[in-house]
Amino acid sequence: MTARFPDFRLGKVLATSFTGTLSERHGDPVERIPTPGRLADWLAVSGLAVRSCTAAQLERARELREAIHEAATAGARQEVLPAAAVRVINDFSVRGRASAVLGPEGDREWRLSATSAVDDALGVIAADAIGILAGERDGKLALCASPTCQAAFFDTSQSRSRRWCDMGTCGNKEKKARFLANQRLTAS
């Protein structure tokens, strides 16, 4: 029997999508990359395909993920970025050696080296986080309004007033809870 893993929550912004591989951080945490193979799957669907990942590479990826989450949370709260998180993000960024290439459809693709593909992919994610944290992208960092989630996400909506990291999960869950609470109030 094949193990069933939670679905990925993919957004349009690489770095904050990566932090979403651990969701419900303030409730019952859901690890979406529990194995090296799942990390390889996530990288592939994110345009950073690698042949395989090791347990050590998975641990390094989680270290980067948590550093990005910590820095993005501080950024969303307009606090000073934690020095340790910044150091981790910078280290991953300079370690990667991926090259951006123009694809046949006119889109950017990443060329990863055969010998350090996972490090290259993590370097791309770190560089994306740097661009967001440095304010180089049009949008703003925000935190999910769900008290059990509070994931950092990059809001590119026109009004910059998104409340949920993902409407299909957190938004619907919170709206359903509010609806049921109102139903109980009107029934009593």
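Thresholds applied
Residues numbered from 1 in each chain as written. Predicted model: local features only at pLDDT ≥ 70, side-chain atom pairs only at ≥ 80, totals over all residues. Heavy atoms only, no water. Phe/Tyr/Trp six-rings, centres within 6.5 Å; stacked < 30°, edge-to-face > 60°. Lys NZ or Arg CZ within 6 Å of the ring centre and 35° of its normal. Salt bridge = Lys/Arg side-chain N within 4 Å of Asp/Glu carboxyl O. Helix = DSSP H or I, 4+ residues; strand = E, 2+ residues; numbered from the N terminus. Buried < 20%, exposed > 50% of the residue type's maximum accessible area, 1.4 Å probe, protein only. Pairing = 2+ DSSP bridges. Axes fitted to C-alpha atoms, helices over the stretch in contact; angles between N-to-C directions. Parallel < 35°, antiparallel > 145°, perpendicular 65-115°, else oblique. Contact = heavy atoms within 4.5 Å. Left-handed = near helix turned anticlockwise from the far one by under 90°. Expected span 1.5 Å × (residues − 1).

Turning our eyes to something else, we now look at the packing of aromatic side chains. If you walk through the whole model with that rule in mind, you get 1 aromatic pair. The ring of Phe92 has Arg95 lying over it, and the distance from NZ or CZ to the ring centre is 4.6 Å.

Applying the stated criterion to the full structure yields 9 salt bridges. Its salt-bridge partner being Arg160, residue Asp138 comes within 2.7 Å of it at the nearest N-O pair. Of the two residues, Asp138 is situated in the loop between α5 (117-133) and β5 (140-143) and Arg160 in the loop between β6 (152-155) and α6 (167-187); the sequence distance between them amounts to 22 residues. Assessed through its relative accessible area of 22%, Arg160 is described here as partly exposed.

Attention now goes to the pairing of β6. Here β6 shows two buried faces, one formed by Ala152 and Phe154 and the other by Phe153 and Asp155. In the sheet, β5 pairs with β6 via 4 bridges, with the strands oriented antiparallel. Bridge pairing in β6 places Leu143 opposite Ala152.

Our next topic: the packing of helix α3 (residues 55-76) against α5. Between α3 and α5, the shortest axis-to-axis distance is 11 Å and the interhelical angle comes to 0°. In terms of orientation, α3 lies roughly parallel with respect to α5. In this structure, α3 contributes Gln57, Arg60, Ala61, Leu64, Ile68, Ala71 and Ala72 to the contact, and α5 contributes Val118, Asp119, Leu122, Ile125, Ala126, Ala129 and Leu133.

Helix α4 (residues 83-95) packs onto α3 with a crossing angle of 130° between their chain directions and a minimal axis gap of 8 Å. In terms of axis orientation, α3 runs oblique to α4. Between α3 and α4 lies a crossing whose hand is left-handed. Residues Arg60, Glu63, Leu64, Ala67, Ile68, Glu70 and Ala71 of α3 form the contact with α4, whose own contacting residues are Ala85, Val88, Ile89, Phe92 and Arg95.

This paragraph deals with α3. Given 3.6 residues per helical turn, the α-helix brings residues three or four places apart onto the same face. For α3, spanning 22 residues, the distance from its first C-alpha to its last is 31 Å, which sits close to the expected 32 Å at 1.5 Å a residue. Following α3 by one or two positions, Gln78 adopts a phi angle in the positive range, close to 55°.

One ladder, built from 4 bridges, connects strand β3 (residues 99-102) with strand β4 (residues 108-111); its direction is antiparallel. Paired with Ser99 across the two strands is Arg111, which belongs to β4. Connecting β3 to the antiparallel partner β4 that follows it, the hairpin turn spans 5 residues, and Gly106 within it adopts a positive phi of roughly 85°.

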